[in-house]
Amino acid sequence: MIIDKLSNAEIYYGLHPRIKKGLQFLIDNDLNSLTPGKYEIEEDNIFVMIQEYETIDVEQGRWESHHKYTDIQFMINGEERMGYANIEAMEVVEQHKEKDLMFLEGNGDLFLVKQGYFTIFSPEDAHMPTLCVHEPRYIKKAVVKVFCD
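Read on for an overview of the structure. Everything quoted here is computed from the prediction, not taken from an experiment.

Most of strand β8 (residues 101-105) sits inside the fold, with 4 of its 5 residues counted as buried. Examined bridge by bridge, strand β4 (residues 63-65) and β8 share 3 bridges and lie antiparallel to one another. Each bridged residue has a counterpart across the sheet, and for Glu64 the counterpart in β8 is Phe103. Two elements, strand β7 (residues 91-96) and β8, share 5 bridges in a ladder whose sense is antiparallel. The residue bridging His96 from the neighbouring strand is Leu101, located in β8. Two successive antiparallel strands, β7 and β8, enclose a turn made up of 4 residues, where Asp100 displays a positive phi of approximately 55°.

See the structure below:
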């Protein structure tokens, strides 16, 4: 798991060529002007989902992870808390392989993701996004899905 400011994205370009391409998309585009939805960057290998929603209390959150995609989650407007744990410390309780999604149960650490910051979650990183900081707030976020073969 990685958290950093988008202005430092170049540090992470060497992780994988598609991670570099996903981070460059976040830098090169006016994300505020994009409406919610899915945007292809490199067919199914890299795409971004623009999301707008109200954050939720931690009690409503769910741990999740993915089988093949790495997430780059970037806070366009607002801030939210997220959770992190290695999936080895979790128990898989639900799987949806066709959606590249699994839900898990267990304990992890919570941290703050401010506007202008991004996180990178690889398939071994359980994460719990969408959590409110103090009270529910409306936010806008980009989630870049990157297939790292």
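Across the sheet, 6 strands lie side by side as β1-β10-β5-β12-β3-β2; this open sheet has antiparallel pairing. The sheet is open, and its two borders are formed by β1 (2-5) and β2 (37-42), each paired with just one other strand. For this sheet the average axis-to-axis angle between neighbouring strands, irrespective of direction, equals 20°. Pairing between β1 and strand β10 (residues 117-121): 4 bridges, direction antiparallel. The partner of Asp4 across the bridge, within β10, is Phe118.

Let's shift gears to helix α1 (residues 17-28). For α1, which comprises 12 residues, the first-to-last C-alpha distance of 16 Å matches the rise-based estimate of 16 Å (1.5 Å per residue) to within 8%. Inspection of α1 places Arg18, Ile19, Gly22, Leu23, Phe25 and Leu26 among the buried residues, and these make up the whole buried set. What you see down the axis of α1 is that its buried residues fit within an arc of 150°, all on one side. Structural note: α1 exposes Pro17 and Asp28 on the side pointing more than 90 degrees away from its buried face. Tucked inside the fold, the buried residues of α1 contact β2, β3 (46-54), β5 (69-77), β10 and β12 (138-147).

With that settled, consider the pattern of salt bridges. For the coordinates displayed, the defined rule picks out 8 salt bridges. The salt bridge partner of Glu52 is Lys140, with a shortest N-O separation of 3.8 Å. A residue pair is termed long-range when its members are at least 10 positions apart, and Glu52 in strand β3 and Lys140 in strand β12 qualify at 88 residues. Its relative accessible area of 34% is what places Glu52 among the partly exposed residues. Measuring nitrogen to oxygen at the nearest pair gives 3.1 Å for the salt bridge that ties Arg137 to Glu135. Since its relative accessible area comes to 43%, Glu135 is described here as partly exposed. Connected through salt bridges with shared partners, the residues Arg18, Lys21, Glu42 and Asp149 form a single ionic network.

About the criteria used
Residues numbered from 1 in each chain as written. Predicted model: local features only at pLDDT ≥ 70, side-chain atom pairs only at ≥ 80, totals over all residues. Heavy atoms only, no water. Buried < 20%, exposed > 50% of the residue type's maximum accessible area, 1.4 Å probe, protein only. Helix = DSSP H or I, 4+ residues; strand = E, 2+ residues; numbered from the N terminus. Pairing = 2+ DSSP bridges. Axes fitted to C-alpha atoms, helices over the stretch in contact; angles between N-to-C directions. Expected span 1.5 Å × (residues − 1). Arc of directions from axis to C-beta. Contact = heavy atoms within 4.5 Å. Salt bridge = Lys/Arg side-chain N within 4 Å of Asp/Glu carboxyl O.

Note that all results are geometric; they support no functional claim without further evidence.
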